[in-house]
Each structure stands twice: as C-alpha cells, then as structure tokens.
Amino acid sequence: MREAIQNSLDARLGLEGEPVRVRIAFHESSDDVQRSWLASAMAYREEAGLPIPQEWQQGIVRWMTVEDFSSTGLVGAVDTRTGDFWNYWLNFGLSNKGKSSRGGRGIGRVTFLIASTMNSVLGWTRRRDDGVELACGMAVLRAGQYGEHFRSTHAYLAAEPQGSVYRLHDSNDFKRGLRDAFRLRSGVDEADDSGLSLVIPYPHEGLSEDGIMASIVEHFGPAVLEGTLEVSVGEEPVDNESLPSIAKHCSDHFSEPPVKADPNRYVSLLREAIATRPADLVLQLQRAFKEEVLTFRDSEEITAVLALLDEDRQVTVDIRFPLQQNGQQTETRVRAVIARTPRTRSSIDMFFRDGMYLPDVVARTPHGFDTILTVDDPPLSDYLNLCEGKAHLSLLETNEVKEKLRDRGYRISEKRLVAGLPEMLRQLFLPDASKPDASILSAFFSVPKTEASKQARRDKTKPESESTDPEPIKKRIQAFEVDEIDEGLRVRGNKEFDDWPTSLQLVLAYADGSRKPKWSRHDFSLDKLNVDATGCSVLSRKGNQLVATDCTAELSIQITGFDVNRELDARLRRVRVKEVATDA
C-alpha cells in the first residue's frame, strides 16, 4: 500500500486544493468472464511447472483492485522503450520520475507482482493529457522452451512484439472488456475520469482490509489528516474524520510497536504536526550543521519549553536553516512535535516527508520523548528525495547520492542535519551527559574541599572562550568505493584510506525493494561472470560472494555481465585474515 499510494501521489495533477483519491477493493467471482482474461497466463504457469491457485481449479477468481482518480494516468509514448509508459511495464530499475517525486528507482511496481500469488498484474489507464485509454499487463513465468519458442521470464498482455516494445490491443471493446470484467472505474463519470487502475489476481491471503487501512494510517497519516489524500478501502473511507477510529480498530496491524500500543497518542501527535499555528520554539540555524542545534541547550527558550513538557504538553518546534543550491540560499523548515513519553510506554519516533513515512530516519536512543518530524517545504522535500534509497525508507549518503547532489548544485550537510534531528532534538531537552555533575553525590558523601576542587570551580567559571576544545573525533574513512559501470560495477580503493593492505568481502544481489534482497542461483553466479581484478589477490568467487585479500590502494575489481534492466544491491565490508580463511 505504501508503494501504491506513493505512485498515486506522484501522479497528482497539482490542482490547488484537489486531493488524491485512491480506491482499494477485494472481489470474488465464479463467472467465466474473468477466467478468460487469465486463462493463457495460467496455462503457461502450468506448463512451466509453477503452482496454480486452488481457487482457479474450483472455478473461483479472486482479485484486488488499486485505483487512483483525477490523476495524470500512465503517460508516455507507447512506441518508445524509455518513455514513462514502457518504463513502467518493461524497464525494472529505471524511472523517469523527477526529483520532486516520492519514487525514483522503478522498484515499487515489483510489489504489485509480489502481492499476486500468480505473480501477475493487469492495468488500465486513461491519460489526462490526451484522453487516450490504454490496457496492458504482465505475468512473471519461468524462462524455458515452450514448443518451438524459447520464452523469457515475463509475458505481456499485448497484441504482438513491435521492435523493442509491444503493440497494444487498440480495440475499444478490448479495453472496455478488461475494465468491465474486473469492475474498474465503477460509479465514475467517464468524461471527467483520468487515472490508473491495477488488477492483482489472487492476492496473498495476508492482504486484508484492516491491514491495508493500518498501512495507510501509519505511512500516510499527515497526508490523510491534511486532506491531500482520500482513500477508500472496500466501503470504508479513510479520511480526516475516520482516521482516529480506524487507528484504534486496526492497531494490531501497525508495524511500529509504540503506535500499535497507543494509537490515540500517535493520532494526537499527528494532529499537532499538521497544525498551522505558530511554533512554540523556533531554532534559527545559521548553517546546516546538526551540532549547531545543541548550542541552544542552555537558552531561556529551552527552559521555557521544558516547563511545558513537564506539564505533559505537546510542543511544536520549527528548525529553520538555509538550503544552498548553486550558491543560492533558500530558507527551509523542518517541523517537530515533541512530548514526554508516558511511563511504561515506548517512545514514538517518526519522520514524514510530504506526508509519507520514512521508517529508517530515527534516533539511536529514542527514549524519554515522543517526536514526529515533518517536512512539507517543497525545496527541502525535493532535496531529500534525492537522498532516499531504493524503497524510500531512509536518507542515504552513497556515492550515487553524492553524485546526484553535486550534479544539482547541492551540498551534503543539509542531509546530515535532517537525518540527525531525531537524535539531536532529544539531546536538546536532556541533561548534558558529557558534563559530570558532582552534586548528585552531595546527599550521600561529604567531599572535602581540596585545592584541586577549588581550582576546578574556578576553571568552571572561566569564559567559554578560554576553555580548551576537546580533540575532534576522527572521521572513519572507508577502505573501498563502488562505482556503477555498463553491465556491472567496479570496486576500487579509497585514496584517503591508509591502512593497507587489507581484505574485502563483496556480496551482490538484484534489488527487489527489500532492505536485504535475496540472491538466487538463477540470477547470476560470479564464477561465470567477467571479473577483472588488479591490486589484490582474489581468494574466491562463488555464487554471489567474492573475497579478495592483499588489497592495496591501487585496488580495482571490475565485474560485468549482469542484467542491465535490473538494479544491483552491493554489500561490501573489510574482513580480517582469519575471517577470510574461514569463509574461503
């Protein structure tokens, strides 16, 4: 649901005050009309030795529909492989989404195939720009010999191959037949309707209306409360009015334990986060450095806010700082809502960009305070979108992200500030643990006043300018860097690293939208790919893992032969000689 609604929000028309409307529904039928659309894909599954849903053999068809309305629809030329339309259906790992989009990797569409137990999806769209109605679909099968032909892994709902794409069925009866068979766009005026409808045949049993509503509330709560997103699940609307009762009813389905344990507290924090009233505290930063936040720790404003927190009040904080692009500065804002966590409860720690939850932007120690951070400032939202990874779960600092930021004239410090705010804001309202406080022992011990203690008190009263700054912590320098090349990648030594020689372990898999994608021997095997290594000794390359020893600063390991239409997930780490020997 996160991916589906993200796509719909990206296709928003941008009309002032016009919400994104999404409708999700489950259907079941024993009519032959739906079977006729799935019969050929099911026949190929049977021939490929893939499992057939039991309901199909019983004459029952189940399906799920995900539709958005008054959106752009699936745009792009239908005769161009790299256009938006065929990028969606054919080019996994590629996307034409702009920097302001919530998605940008082309990974999200995989989730629709995964949601279907027969790994299939059908699509119908009417585009706003030209009014054209199109129908397409795909099924993931198994590559192999089928009669006289060798078939690849994907089959498409199309008339015939046409160059690097497919010629779609252009009959109005065909497109209307798909729409009517699967009950798409029911009750909607065709003249004003544009958008995309997806059909997921035989959805997994784990998908339920309650679970979907919980996902919407958890991942898009601010957008729902603000009225920019309207969703209906079956007959149940998820909107500003119904969200509190849905959160309580569906709490068992939340993924975050603190939200599951106390949905009312979560909704209360969300409402405060979208409130338009002035903030209780404004932190005006001169530079986008997270350490500057802590300079406010002993200010009168923080003391006043602590008094409000001690009264169990929710406090809003605006963190304002300059966002630089190509030498030009734009004032931007992150809004935070902070409250003391009730006793015996775990702290809520959530970050939203444009109303969408990024679950990995969290504090290391989220105890003591509930915080919800929101970014709805367009320049900052566009910037942060460039920093998000495959599944838009976190803010990354990979070589690819750094290159994208540099190409658009940005710096990295703003990302570091925003990513560190969940931790920094908590530290702002907690006692400074780096300064020892001997007074906590005064009730237990009588400490004699020595000359050393008197000198310590005198030193404590010295102006800040006379104090000696602690030695800065040295930045940890990574030994290896990874570059993307045609049909693969290159691992090279980092010139700033100086602890050579060393050893490395490289683990590869095709990205599938998850945090730790799984590798299959049917994907690739490193011992069968092209590996060109210099500046090291390759100890082993087997399956999806490569181990190299005696790596020097001149290290270069180039691996090619991967599927160019799929994105690689590379995990790289230094290993000790003993580890290498054991792994080998």
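What comes next concerns the included structure. (Residues numbered from 1 in each chain as written. Predicted model: local features only at pLDDT ≥ 70, side-chain atom pairs only at ≥ 80, totals over all residues. Heavy atoms only, no water.)

Examining the sheet that holds strand S26 (residues 568-575)
Spatially, four strands are ordered S23-S24-S21-S26 in an open sheet, and the strand pairing comes out antiparallel. A strand with exactly one partner marks an edge of an open sheet, and here the two such strands are strand S23 (537-542) and S26. Along the sheet, successive strands turn relative to each other by an average axial angle of 15°, direction set aside. With eight bridges connecting them, strand S21 (residues 502-510) and S26 associate as antiparallel partners. (Pairing = 2+ DSSP bridges. Helix = DSSP H or I, 4+ residues; strand = E, 2+ residues; numbered from the N terminus. Axes fitted to C-alpha atoms, helices over the stretch in contact; angles between N-to-C directions.)

Re the packing of aromatic side chains
In total, this model carries 17 aromatic pairs according to the counting rule given. For the ring pair Tyr88 and Trp89, a centre distance of 5.2 Å and an interplane angle of 80° mean the geometry is edge-to-face. This pair shows no difference in class: Tyr88 is buried, exactly as Trp89 is. Following the ring pairs from residue to residue traces out a cluster consisting of Phe85, Trp86, Tyr156 and Tyr166. Directly above the ring of Trp56 sits Arg35, whose terminal nitrogen or CZ lies 3.8 Å from the centroid. (Phe/Tyr/Trp six-rings, centres within 6.5 Å; stacked < 30°, edge-to-face > 60°. Buried < 20%, exposed > 50% of the residue type's maximum accessible area, 1.4 Å probe, protein only. Lys NZ or Arg CZ within 6 Å of the ring centre and 35° of its normal.)

Focus on the pairing of strand S25 (residues 556-560)
Two strands pair when backbone bridges link them, and strand S20 (residues 488-493) and S25 are joined in this way by five bridges, in the antiparallel orientation. Looking across to S25, one finds that Gly488 is bridged to Thr560. Where strand S22 (residues 530-534) meets S25, five bridges bridge the pair, whose relative direction is antiparallel. Across the sheet, residue Val531 finds its bridge partner in S25, namely Ile559.

Quick word on the pattern of salt bridges
In a structure, side chains of opposite charge can pair up when their charged atoms sit close to one another. In the structure shown here, the tally under the stated rule is 36 salt bridges. Taking the shortest distance from any N to any O, the salt bridge between Arg167 and Glu160 comes out at 3.1 Å. Between Arg411 and Glu414 there is a salt bridge, and its shortest N-O distance comes to 3.3 Å. Residue Arg411 is classed as partly exposed on the basis of its relative accessible area, which comes to 32%. Overall, Glu414 belongs to the buried group, its relative accessible area being 0%. Among the ionic contacts, a cluster of salt bridges with common partners joins Arg23, Glu67, Arg126, Glu133, Arg179, Asp180, Arg185 and Asp193. (Salt bridge = Lys/Arg side-chain N within 4 Å of Asp/Glu carboxyl O.)

Geometric descriptors of this kind do not, in isolation, establish any biological role.
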